[in-house]
Amino acid sequence: MIHDEEANSLRVSALVVYPIKSLPGISLTKAIATPLGLSTVNGVIRDRSYMIVSKKDGRFMTLRGPHSTGLCGIEVDWYPPQLLTSEEVDASDSHLILRAPSGDASGNKIDPLKLPAVDEEGDGINVTVWEWQGPARLVGGAHASEWISRVLGVESHIVHCDPVTHHRDVDPAWVNETPARVLFADGFPYLFVFEESLKDLNTYIVDQGHNPIDMKRFRGNICVAGGMPWQEDCMRRVALHHVPDPNEDGSIFSLVKPCSRCAIPSVDPQTGEKNDYVREALAAMRKGTLLGWEDPPSFKHSTFFGINACLVPPETTTTISSSVQDESRDDAAAASIPRGDDQSKAPLPEGTVAVSVGDHVTVLRATMGPFLMNK
């Protein structure tokens, strides 16, 4: 365990949930950490539990593809106003609200779309995320499909997955302690990003004559402030604590794989414009060959920012804020998470913990060696 001054200065500075894959995130001051990813404190809105897919083949559509400008033009709101903060929200009367201020793909004005947080009546559909194929459910009916098709200029659907029945495993090559599942995120339920590392990257970008970039480009869930640039390269396990005491029980996360970056950080989240200088900066500072990360071989020419993570262990129920801290709480802490018997409220999965911005982050395990796959 690391107890030096730099490590103990770490705090959670932001929590972000991305309800719809590749659409804007929603900043939270408090959240629930579940084995499947972040959710609002009531469990109604979960990270990447919605997704936009092609009507043609059910394949996921993201900022990497030809429709990045349309996706960047969508704003995400919510109803009721207390949906992000109240533990007692009626899921059956909760919605995400999508707006396209610039209009549809033809520039015509289009009214906002109201998406139900719970839609058990939607038709089933098979969808694809990378190599995974599985079931999802259309959400918002034909109206939602028409709306997103108009905005993107291609026939599309919005789908939702049931976190109780959805089964998509994290690649077992990277999960060496406990099997983990993920919703519609690319591969892992959590992405930790670090402010000091972004500052260092921006120093290089500014030196090259470009404007600094925002952390939004990296679409992390848990943002950590303090410490040293790229300190996360050595981290393997962290814990989130409400108080700066490494002996206090906290929520444990395994940092299992450095996040290899695709084209998305080069896409301006406000305009959809692609900025090649971001890709070039990452290649100059964060290429696998420069970092000594050459196993698997694909790492050699990949670039990296942030660390993919899993909540460990999934069976433990804990309460945490938004800073990384020490050991996992005992099962008695489960009673501190309100659940209620009202079936109109979304049930929380087993093994959930409450988190908040401002939590202390303690590094429980670190190594100077590379990240290792299971052999």
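Quantities reported herein were computed from a predicted structural model and do not represent experimental measurements.

*Asks:* Sorry, what's going on with the nonpolar core here?
*Replies:* The tendency in soluble globular proteins is for nonpolar side chains to be buried side by side. In terms of nonpolar packing, the biggest core is built from 58 residues, with Leu98, Leu115, Ile158 and Phe192 touching the most fellow members. Take this core: its biggest share by element is five residues, from helix H3 (residues 141-152). Grouped together as the second largest cluster of nonpolar side chains are 16 residues, Cys223, Tyr277, Val278 and Leu282 included.

*Asks:* Whenever I open this one, the sheet that holds strand E6 (residues 75-79) confuses me. Can you help?
*Replies:* In a beta sheet, neighbouring strands are held together by backbone hydrogen bonds and run either parallel or antiparallel to one another. Read from one edge of the open sheet, three strands run E6-E7-E8, paired in antiparallel fashion. Of all strands in the sheet, those with a lone pairing partner are E6 and strand E8 (113-116), marking the two edges. Strand-to-strand twist across the sheet, computed as the mean angle between neighbouring axes with direction ignored, equals 30°. Pairing of E6 with strand E7 (residues 95-99) involves five bridges; the strand directions are antiparallel.

*Asks:* Looking at this model, I keep getting lost on the sheet that holds strand E5 (residues 50-54). Mind explaining?
*Replies:* Reading across from one edge, E5-E11-E10-E9 is the order of the four strands in this open sheet, with antiparallel pairing throughout. Only two strands of the sheet have a single neighbouring strand rather than two, namely E5 and strand E9 (124-129). When strand polarity is set aside, the average angle formed by the axes of neighbouring strands in this sheet is 55°. H3 contacts E5 and strand E11 (156-160) of the sheet and is inclined by roughly 125° relative to E11.

Cut-off values and rules
- Residues numbered from 1 in each chain as written.
- Predicted model: local features only at pLDDT ≥ 70, side-chain atom pairs only at ≥ 80, totals over all residues.
- Heavy atoms only, no water.
- Core = buried A, V, L, I, M, F, W, Y, C linked by side-chain atoms within 4.5 Å.
- Buried < 20%, exposed > 50% of the residue type's maximum accessible area, 1.4 Å probe, protein only.
- Helix = DSSP H or I, 4+ residues; strand = E, 2+ residues; numbered from the N terminus.
- Pairing = 2+ DSSP bridges.
- Axes fitted to C-alpha atoms, helices over the stretch in contact; angles between N-to-C directions.
- Contact = heavy atoms within 4.5 Å.

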